[in-house]
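Each chain, letter by letter, is given below.
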Amino acid sequence: MQFRDLKQQYQVLKKDIDTAMIEVATNCNFINGQQVKVLEKELAEYVGVKHCITCANGTDALTMAMMAWGIKEGDAVFVPDFTFFSSGEIVSHAGATPVFVDVDTDTYNISSESLDKAIEKVKADETLNPKAVIAVDLFGLPADFEAVRKVADKHNLLVLEDGAQGFGGKIKDKIACSFGDISTTSFFPAKPLGCYGDGGAVFTDDDNMAALLESIRVHGKGEMKYDNVRIGLNSRLDTIQAAILSVKLKAFADYELEDINKAADKYTRQLSDVQDKIKLPIVPKGYYSSWAQYTIQLENKETRNSLQNALKEEGIPSMVYYPKAMHKQEAFAANPYNDSEFSNTMKLCDTVLSLPIHPYLTDEDIEKVVKAIKAKML
């Protein structure tokens, strides 16, 4: 059993993917080929924004946003404490200070209440200038952007949507990667929409911001490649990855997103009789998840680890996202925090466990996972 079955996906899409890759190789347009522009148009239309600027990876996408906004030393950027390292790393790369914020235990996303308190605390200290908030769409579920935006507007902060895990998720009719002043995603292979290497994208409705991001991703270029008007990056999406993503985007929109939701629904139904021992994922009313992960919560760390070992013995892969809070990472030790400020995050780090989930997961696979969980928990 595969945790995220990319091998089966390739077999299903093999003909179209092989054709797309061979076309790139035949034409030798490996850098900035026409497939890149085609993909950017397709992605912008899918998300429902004016501009999509692809780049080399999801971390660069976040970095480009920091650069475009001029985030610098002395600025504070507010980041959920329960997320992947890059969400905070890119703030430090900009010379600014990441200020971590606790999350909601139902959605795993940033808590607007904790965000407001963190901003007020930074303002009272007067050492840093609050500048932006990074709201992460964790495990496929968009953050509560209505609440986040309310807090951000109250304090005049920019909102960056980190949609690395959220691509395809929705709040009502609005699609993930359209909620931020700038939004980003990652095409890392295991993401909801993944390529065959690294890749990323930035989304915006602002024409001037799009032009600035275009410049930043290619060495800060001006009118031509040898006219450099600012310090930028070398962060282009390879043409072959764009070609692959165009094929996969069609499958994603046509049936994969629907099928992965069906798989998640089957897990939830079949595990419903152990909800007194396992907390199942919650999708709030009006929300739609792209299920980057199907994550359950156990009573404590010992129970979580014991279940993970039991699943492993049955040949069932599982993962812990994330075992260590951002504020506990040694890389951020210069700004010490009190664990009591992050009670939800600390609990989640000890109790979460992600089960195999992907559009090609069979009923037999789901039944095997459920049977193994019930054998251990009942």
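Per an unreviewed UniProt entry, the chain carries the name DegT/DnrJ/EryC1/StrS family aminotransferase and comes from Lentihominibacter hominis. Its UniProt record gives the chain a comment under Sequence similarities (unreviewed entry), which states: "Belongs to the DegT/DnrJ/EryC1 family."

Engineer: Sorry if this is basic, but what is going on with the packing of aromatic side chains here?
Structural biologist: Any aromatic ring pair is given by two values, namely how distant the centres are and how the planes are angled relative to each other. This model, assessed by the stated rule, comprises 18 aromatic pairs. Measuring from ring centre to ring centre gives 5.7 Å for Phe82 and Tyr322, while their planes differ by 75°; the resulting arrangement is edge-to-face. Taken together, the residues span a long stretch of sequence, with Phe82 in the loop between strand 2 (75-80) and helix 4 (86-93) and Tyr322 in the loop between helix 9 (301-313) and helix 10 (343-351) at a distance of 240 residues. Ring centres 5.2 Å apart and planes at 35° place the aromatic pair Phe85 and Phe332 in the tilted group. Taken as a pair, Phe85 in the loop between strand 2 and helix 4 and Phe332 in the loop between helix 9 and helix 10 lie far apart in primary sequence, 247 residues in all. Classification of Phe85 by relative accessible area gives partly exposed; the value is 26%. Judged by its relative accessible area of 6%, Phe332 is buried. Among the aromatic residues, ring-to-ring pairing joins Phe3, Phe82, Tyr108, Phe139, Tyr321 and Tyr322 into one connected group. The ring of Tyr288 has Lys170 lying over it, and the distance from NZ or CZ to the ring centre is 5.4 Å.

Engineer: Even after reading the chapter, I still don't get unusual backbone geometry, so can you show me in this structure?
Structural biologist: With glycine set apart, most residues show a phi of negative sign, and most peptide bonds adopt trans. The omega torsion of the bond from Tyr321 to Tyr322 falls at 10°, within 30 degrees of zero and hence cis. Of note, the phi angle at Asn156 is positive, near 60°, even though the residue is not glycine. As for its placement among the helices and strands, Asn156 is situated in the loop between helix 6 (145-155) and strand 5 (158-162). Even without glycine at this site, Cys177 takes up a positive phi of about 80°. In this structure, Cys177 sits in the loop between strand 7 (174-175) and strand 8 (182-186). Residue classification places Cys177 among the buried residues on the basis of a relative accessible area of 1%.

Engineer: Looking at this model, I keep getting lost on the sheet that holds strand 10 (residues 287-288). Mind explaining?
Structural biologist: Each strand in a sheet pairs with its neighbour through backbone hydrogen bonds, running either in the same direction (parallel) or in the opposite one (antiparallel). With respect to topology, three strands assemble into an open sheet ordered 7-6-10, the strand pairing being antiparallel. The sheet is open, and its two borders are formed by strand 7 and strand 10, each paired with just one other strand. The pairing of strand 6 (residues 170-171) with strand 7 spans two bridges and is classified as antiparallel. Paired with Ile171 across the bridge in strand 7 is Lys174.

Engineer: Sorry, what's going on with the UniProt feature "modified residue: N6-(pyridoxal phosphate)lysine" (unreviewed entry) in the chain here?
Structural biologist: Sites flagged by UniProt as "modified residue: N6-(pyridoxal phosphate)lysine" (unreviewed entry) map to Lys191. Summarising the element assignment, Lys191 is placed in the loop between strand 8 and strand 9 (200-204). When residues no more than four places from it in sequence are discounted, the contact partners of Lys191 are Arg4, Ala164, Gln165 and Ser186.

Engineer: So what exactly am I meant to see when it comes to the sheet that holds strand 9 here?
Structural biologist: Pairing is mixed across the open sheet formed by seven strands, whose spatial order is 1-9-8-5-4-2-3. Here the strands that pair on one side only, and so sit at the sheet edges, are strand 1 (51-55) and strand 3 (97-101). Each strand axis lies, on average, 25° off the axis of its neighbour in the sheet, ignoring direction. Summarising the sheet, strand 1 and strand 9 pair through five bridges and their orientation is antiparallel.

Engineer: I tried to follow the state of the cysteines on my own but got confused; where do I start?
Structural biologist: Here a disulfide denotes a covalent bond joining the sulfur atom of one cysteine to the sulfur atom of another. Throughout the structure, instances matching the rule amount to zero disulfides. Here Cys177 is not cross-linked by a disulfide; its sulfur's nearest cysteine counterpart is in Cys52, at 8.8 Å. With no disulfide partner, Cys195 has as its closest neighbouring cysteine sulfur the one in Cys55, 11 Å distant. Residue classification places Cys195 among the buried positions, given a relative accessible area of 0%.

Engineer: Help me out: how do you make sense of the packing of helix 5 (residues 112-125) against helix 6 in this one?
Structural biologist: If you want to describe how two helices pack, look at the angle between their axes and the distance between the axes. The geometry of helix 5 relative to helix 6 is characterised by a closest axis approach of 9 Å and an angle of 15° between their N-to-C directions. Here helix 6 runs roughly parallel to helix 5, going by the angle between their axes. Crossing of helix 5 against helix 6: the hand is right-handed. In contact with Ser112, Leu115, Asp116, Ile119, Glu120 and Lys123 of helix 5, helix 6 contributes Ala147, Val148, Val151, Lys154 and His155. Here the residues of the contact of helix 5 with helix 6 are counted per class, giving five nonpolar, two polar and four charged.

Thresholds, definitions, all that
Residues numbered from 1 in each chain as written. Predicted model: local features only at pLDDT ≥ 70, side-chain atom pairs only at ≥ 80, totals over all residues. Heavy atoms only, no water. UniProt positions renumbered as here; feature names shortened; annotations may be inferred. Phe/Tyr/Trp six-rings, centres within 6.5 Å; stacked < 30°, edge-to-face > 60°. Helix = DSSP H or I, 4+ residues; strand = E, 2+ residues; numbered from the N terminus. Buried < 20%, exposed > 50% of the residue type's maximum accessible area, 1.4 Å probe, protein only. Lys NZ or Arg CZ within 6 Å of the ring centre and 35° of its normal. Pairing = 2+ DSSP bridges. Contact = heavy atoms within 4.5 Å. Axes fitted to C-alpha atoms, helices over the stretch in contact; angles between N-to-C directions. Disulfide = S-S within 2.5 Å. Parallel < 35°, antiparallel > 145°, perpendicular 65-115°, else oblique. Left-handed = near helix turned anticlockwise from the far one by under 90°. Nonpolar A, V, L, I, M, F, W, Y, C, P; charged D, E, K, R; others polar.

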